[in-house]
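# Structural overview
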Amino acid sequence: MTADDSHRRWSEELSAYLLDALEPAETEAFERHLGGCERCQGELRWLEPAVDVLPASVPQHPPPPELRGRILATARAEARQARPSEPGLLGRWRPALRPAAALAATAAVAAGAVGYLIGEQEGTQTTTVPVTAMAGTGVEGELVRHGDSAILRLEGLPPLARRQVFQAWLRRGDRLEPSTVFVPQRGGAATAGIPRGVEGADELMVTRERRRGSRRPTSAPLLRASLQ
Amino acid sequence: MKRAKALERLADEELMPLVARKDPAAFEVFYDRHGAAAYSLAYRIVGDPTGAEDITQEALLAIWRSQSGYDPARGSVRSWVLGVVRNRAIDAFRRESSKRMPKLELEGGAELEARPAPEQTDAEALRRETAREVRGVLRELPEEQSKVIELAFFAGFTHSQIAELLGLPIGTVKGRMRLGLEKIRANLAEAVS
């Protein structure tokens, strides 16, 4: 096979690669080739803008105004939480609280942080559920639950392989419903919102899955949190 | 109020370091610039307003919470944001709509004209003008080329899945992707020159 033949073969993959339409193994093989092929790199640079403009081609729908309120309220709550030395919330209360009360305060702040998930649900109770990690994983965390939604806060998550994600699942009896897909920050910490479906579920589980998530778990759960 | 005005004058690339430092006022400006485009792309992919809201929330808050932040080497802020939204929307589409066929037609600009979002800045006006041009370019593609591009980009199918769906050899699917992208690219180059 000549160099031209080889290049032609890979060149045919280029558009599918740019459109994210290659299988994972094909993507890895193409990226290995791309690293050493200046012709493919040049073609990629030329074609890339054609893919970049595709999102702009969709009809524009104004988002509901409540969405803005929910997202920005969450950001403001998290910004306050990230700066405990500033007056307000935990920074002001923590020194005077015993551990149990501090946990409740944390839950209350976290409930503020997930306000976007839960809206204004007067009278809905917020509860914090401990996470039970599978032996040997070293994962710690909690699930702050409010009505039909929750936020999962985890630390010590193990590293993921390339093109893997963590995926949350809600179990109802023997039925598993796929939920949020997330990746941890450096150091293994992660915060993931469970936007709906918590009400009536028996348990939340987290597994490792391929990058786009799965319809059914393909690995053993790393952790569980009882929702009953 | 003065600070809010000052933030609004910042370019996207100047705003993002403030967002990375968890400045809620900067994030508010960021939302006002990119929220509608994010929601529209999510809506296009998942096809329902509730799902689009969930995805927009998840994607924009993931950006807000991201430790690594925006890297200018990845392209424009808008492209980066929409890339994050697209990945999440495709995830949701795949998980929740396995039996639903994606919309194949390229949608026209009528809906855009009927429900315009406010053009708050020159940059936004330019983006909307670009969007109109791109829709024109896409409409000019032969249907066989636009269909494979739509199935890959907006529905998240791989080339082999598309080949199966359309009853075509994989080579034909790849060829149509290539021809379609080449035409879009050539038209973009013409529009710029």
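Residues numbered from 1 in each chain as written. Chains lettered and ligands numbered in written order. Predicted model: local features only at pLDDT ≥ 70, side-chain atom pairs only at ≥ 80, totals over all residues. Heavy atoms only, no water.

### Digging into the overall build of chain B
A count of helices and strands for chain B gives 10 helices and zero strands. Taken across its 193 residues, chain B has 50% of its residues classed as buried. Within chain B, counting contacts between residues at least 6 apart in sequence, those at least 24 apart form 61% of the total. Surface summary for chain B: the accessible area is close to 9000 Å², and the carbon and sulfur share equals 53%. (Helix = DSSP H or I, 4+ residues; strand = E, 2+ residues; numbered from the N terminus. Buried < 20%, exposed > 50% of the residue type's maximum accessible area, 1.4 Å probe, protein only. Contact = heavy atoms within 4.5 Å. Areas by Shrake-Rupley, 256 points an atom, 1.4 Å probe, with all protein chains shown as cover.)

### Quick notes on the sheet that holds strand β4 (residues 149–155) of chain A
Residues and elements named next belong to chain A. Spatially, four strands are ordered β1-β3-β4-β7 in an open sheet, and the strand pairing comes out antiparallel. The open sheet has two edge strands with one neighbour each: β1 (126–130) and β7 (190–194). The mean angle between the axes of side-by-side strands here comes to 15°, regardless of whether they run parallel or antiparallel. For β4 and β7, the ladder comprises five bridges, and the chain directions are antiparallel. Bridge assignment links I151 to a residue of β7, and that residue is G193. (Pairing = 2+ DSSP bridges. Axes fitted to C-alpha atoms, helices over the stretch in contact; angles between N-to-C directions.)

### Description of the pattern of salt bridges
As a working rule, side chains carrying opposite charge can pair if their charged atoms are close by. Residues and elements named next belong to chain B. Applying the stated criterion across every chain yields a total of 19 salt bridges over all chains. Its salt-bridge partner being R33, residue D12 comes within 2.8 Å of it at the nearest N-O pair. Of this pair, D12 sits in helix α2 (residues 12–20) while R33 is found in helix α3 (residues 24–46), placing the two residues 21 residues apart along the sequence. Looking at D12, the relative accessible area reads 9%, which means it is buried. (Salt bridge = Lys/Arg side-chain N within 4 Å of Asp/Glu carboxyl O.)

### Focus on the interface of chain A and chain B
The interface of chain A with chain B comprises 57 residues on the first partner and 64 residues on the second. Surface buried jointly by chain A and chain B totals about 5800 Å² across both partners, of which 61% is contributed by carbon and sulfur atoms. Linking chain A with chain B are eight salt bridges. The residue R178 of chain B makes a salt bridge to E43 of chain A at a minimum N-O spacing of 3.0 Å. Our count for the contact surface shared by chain A and chain B stands at 16 residue pairs in polar contact (both at pLDDT 80 or more). (Buried area = accessible area lost by both parts, 1.4 Å probe. Polar contact = N/O pair within 3.5 Å; in protein donor to acceptor, adjacent residues only side chain to side chain.)

### Observations regarding the nonpolar core
In globular proteins that are soluble, nonpolar side chains generally tend to be buried together. The biggest cluster of nonpolar side chains holds 77 residues, and the ones touching the most others in it are L19 and L54 of chain A together with F27, F30, L60, M177 and I184 of chain B. For this core, the leading source of residues is α3 of chain B, giving 12 residues. Not counting chain neighbours up to four residues away, the residues in contact with L60 of chain B comprise I71 of chain A together with F27, F30, Y31, G35, A38 and V81 of chain B. With 23 residues, the next largest nonpolar core counts L143, L222, L223 and L227 of chain A among its residues. (Core = buried A, V, L, I, M, F, W, Y, C linked by side-chain atoms within 4.5 Å.)

### With respect to unusual backbone geometry
Even without a glycine there, the phi angle at D20 of chain A is positive, about 60°. For D20 of chain A, the position within the fold is in the loop between α1 (3–18) and α2 (24–36). A relative accessible area of 17% places D20 of chain A in the buried class. Phi is positive for K22 of chain B, which is not a glycine, with a value near 65°. Within the fold, K22 of chain B resides in the loop between α2 and α3.

### Considering the packing of aromatic side chains
Here the structure, examined in full by the defined rule, presents six aromatic pairs over all chains. Ring centres of W10 of chain A and F30 of chain A lie 6.2 Å apart, and the angle between their planes is 50°; on these two criteria the pair is classed as tilted. Taken together, the positions of W10 of chain A in helix α1 and F30 of chain A in helix α2 put the pair 20 residues apart, joining distant regions of the chain. Considering the side-chain rings of F153 of chain B and F154 of chain B, the 5.1 Å spacing of their centres and the 85° angle between planes classify their relative orientation as edge-to-face. (Phe/Tyr/Trp six-rings, centres within 6.5 Å; stacked < 30°, edge-to-face > 60°.)

### Examining the confidence of the model for chain A
On average, residues of chain A score 76 in pLDDT, and 76% of them reach the 70 mark or higher. Put simply, helix α5 (residues 89–93) of chain A is where chain A has its lowest mean pLDDT, 30, and strand β9 (residues 223–226) of chain A is where it has its highest, 92. (pLDDT = per-residue confidence, 0-100.)

### Quick notes on the environment of S160 of chain B
Tracing the chain through its elements places S160 of chain B in helix α9 (residues 159–166). The exposure class of S160 of chain B is partly exposed, given its relative accessible area of 23%. Through-space distance from the C-alpha of S160 of chain B to that of I170 of chain B is 5.9 Å; in sequence the pair is 10 residues apart. Setting aside chain neighbours within four positions, we find S160 of chain B in contact with E23 of chain A together with I170 of chain B. Here the side chain of S160 of chain B touches E23 of chain A through a polar contact of 2.7 Å, side chain to side chain.

### Overview of the sheet that holds strand β2 (residues 132–133) of chain A
All names here are of chain A. Across the sheet, which stays open at both edges, the five strands sit in the order β2-β9-β8-β5-β6 with antiparallel pairing between neighbours. Looking along the sheet, the strands with just one partner apiece sit at the ends: β2 and β6 (175–182). Alignment of β2 against β9, held across two bridges, turns out to be antiparallel. Bridge pairing in β9 places T132 opposite R224.

### Some thoughts on α2 of chain A
Residues and elements named next belong to chain A. With 13 residues, α2 should reach 18 Å at 1.5 Å per residue; the first-to-last C-alpha distance of 19 Å fits that figure. For α2, the complete set of buried residues consists of T27, A29, F30, H33 and L34. Projection of α2 onto a plane perpendicular to its axis shows the buried side chains occupying an angular sector of 165°, all on one side. Exposed residues lying more than 90 degrees from the buried face of α2 are A25, R32, G35 and G36. (Expected span 1.5 Å × (residues − 1). Arc of directions from axis to C-beta.)

### Digging into the side chain of S179 of chain A
If you trace the backbone, S179 of chain A turns up in strand β6. The exposure class assigned to S179 of chain A is buried, which follows from its relative accessible area of 9%. Once residues lying within four places of it in the same chain are set aside, the contact partners of S179 of chain A are Q167, A168, W169 and I194 of chain A together with R95 of chain B.

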